[in-house]
Amino acid sequence: AEAAGAAGGLAGLAGDVPRPSKKGAYVLRYAICQGWADQVARRGVSAEASARQVKAGTAKALRYESLLHGGAQLHLRGRSPLAREAPEYVVYRALNAGKTRNYMQTATAVERRWIPRAVREEEGL
């Protein structure tokens, strides 16, 4: 309720949210990485191979491996805008279980140095 009031009431929350500046986006991605450190995944194939698959339109999904869940295989849909970048590390909000794969939803690229120390030490990064 307090946040809605600060945004100008419920009508204020319903409007378009302005796109953050480049620095603002950087800070947001860093904060997301710190808060969801248990949901970080590392790309499973090289960036070059991923880029070739996406460019050729043959990538149905890019493979990633969870850092803290026993290296569980996760996937980023090939049609995702993030797939074109094929970042080495991503943080995801949720998983969607498909018939044969677990797909990451609402993922964002993060930098290795942002991953909290405890996670890096656990994974030997």
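Residues numbered from 1 in each chain as written. Predicted model: local features only at pLDDT ≥ 70, side-chain atom pairs only at ≥ 80, totals over all residues. Heavy atoms only, no water.

Caption draft 1: A look at the overall build of the protein. Counting its regular elements, the protein contains six helices and five strands. When the helices and strands of the protein are listed from N to C terminus, the series reads α-α-α-β-α-β-β-α-β-β-α. Looking at the protein as a whole, 31% of its 125 residues qualify as buried. Pairs at least 24 apart in sequence give 53% of the contacts found in the protein among residues at least 6 apart. Accessible area of the protein: about 8200 Å², with a carbon and sulfur share of 50%. (Helix = DSSP H or I, 4+ residues; strand = E, 2+ residues; numbered from the N terminus. Buried < 20%, exposed > 50% of the residue type's maximum accessible area, 1.4 Å probe, protein only. Contact = heavy atoms within 4.5 Å. Areas by Shrake-Rupley, 256 points an atom, 1.4 Å probe, with all protein chains shown as cover.)

Caption draft 2: Broad picture of the pattern of salt bridges. On inspection of all chains with the given rule, the structure shows one salt bridge. In this structure, the salt-bridge partner of Arg 113 is Glu 111, at a minimum N-O distance of 2.8 Å. Take Arg 113: its relative accessible area is 55%, and that puts it in the exposed class. (Salt bridge = Lys/Arg side-chain N within 4 Å of Asp/Glu carboxyl O.)

Caption draft 3: Focus on the packing of aromatic side chains. In total, this model carries two aromatic pairs according to the counting rule given. Between the aromatic rings of Tyr 26 and Trp 114, the centroid separation amounts to 4.9 Å while the plane-to-plane angle is 85°, which identifies the pairing as edge-to-face. With Tyr 26 in helix 3 (residues 22–35) and Trp 114 in the loop between strand 5 (102–110) and helix 6 (117–123), the pair connects residues that are 88 residues apart, well separated along the chain. For Tyr 26, a relative accessible area of 33% puts it in the partly exposed group. Ring centres of Tyr 30 and Trp 114 lie 5.9 Å apart, and the angle between their planes is 90°; on these two criteria the pair is classed as edge-to-face. (Phe/Tyr/Trp six-rings, centres within 6.5 Å; stacked < 30°, edge-to-face > 60°.)

Caption draft 4: Up close: the environment of Ala 86. In this fold, Ala 86 is placed in the loop between helix 5 (81–85) and strand 4 (89–97). Through-space distance from the C-alpha of Ala 86 to that of Tyr 64 is 9.9 Å; in sequence the pair is 22 residues apart.

Caption draft 5: The arrangement of a nonpolar patch on the surface in detail. Together, Leu 28, Ile 32 and Trp 36 line one region of the surface with nonpolar side chains, adding up to about 260 Å² of accessible area. The partly exposed category is assigned to Ile 32, whose relative accessible area is 32%. (Patch = residues over 30% accessible without salt bridge, like charges linked within 9 Å, V, L, I, M, F, W, Y side chains within 5 Å.)

Caption draft 6: Expanded view of the nonpolar core. Ala 41, Leu 62, Tyr 64, Leu 74, Leu 76, Leu 82, Ala 83, Ala 86, Val 90, Tyr 92, Met 104 and Ala 109 form the largest nonpolar core, which has 12 residues in total. Going through the elements one at a time, strand 2 (61–66), strand 3 (73–77), helix 5, strand 4 and strand 5 are the ones with two or more residues in this core. With sequence-adjacent residues up to four places away left out, Met 104 is seen in contact with Ala 41, Tyr 64, Leu 74, His 75, Leu 76, Val 90, Tyr 92, Ala 94 and Leu 95. Within the second largest apolar cluster, 10 residues are counted, among which are Cys 33, Ala 37, Tyr 89 and Ile 115. (Core = buried A, V, L, I, M, F, W, Y, C linked by side-chain atoms within 4.5 Å.)

Caption draft 7: How the structure looks around the pairing of strand 2. Bridge count between strand 1 (residues 40–43) and strand 2: three bridges; the pairing is antiparallel. Along strand 2, the bridge assignment pairs Arg 43 with Tyr 64. The loop that links strand 2 with its antiparallel partner strand 3 comprises six residues; one of these, Gly 70, has a positive phi angle of about 65°. (Pairing = 2+ DSSP bridges.)

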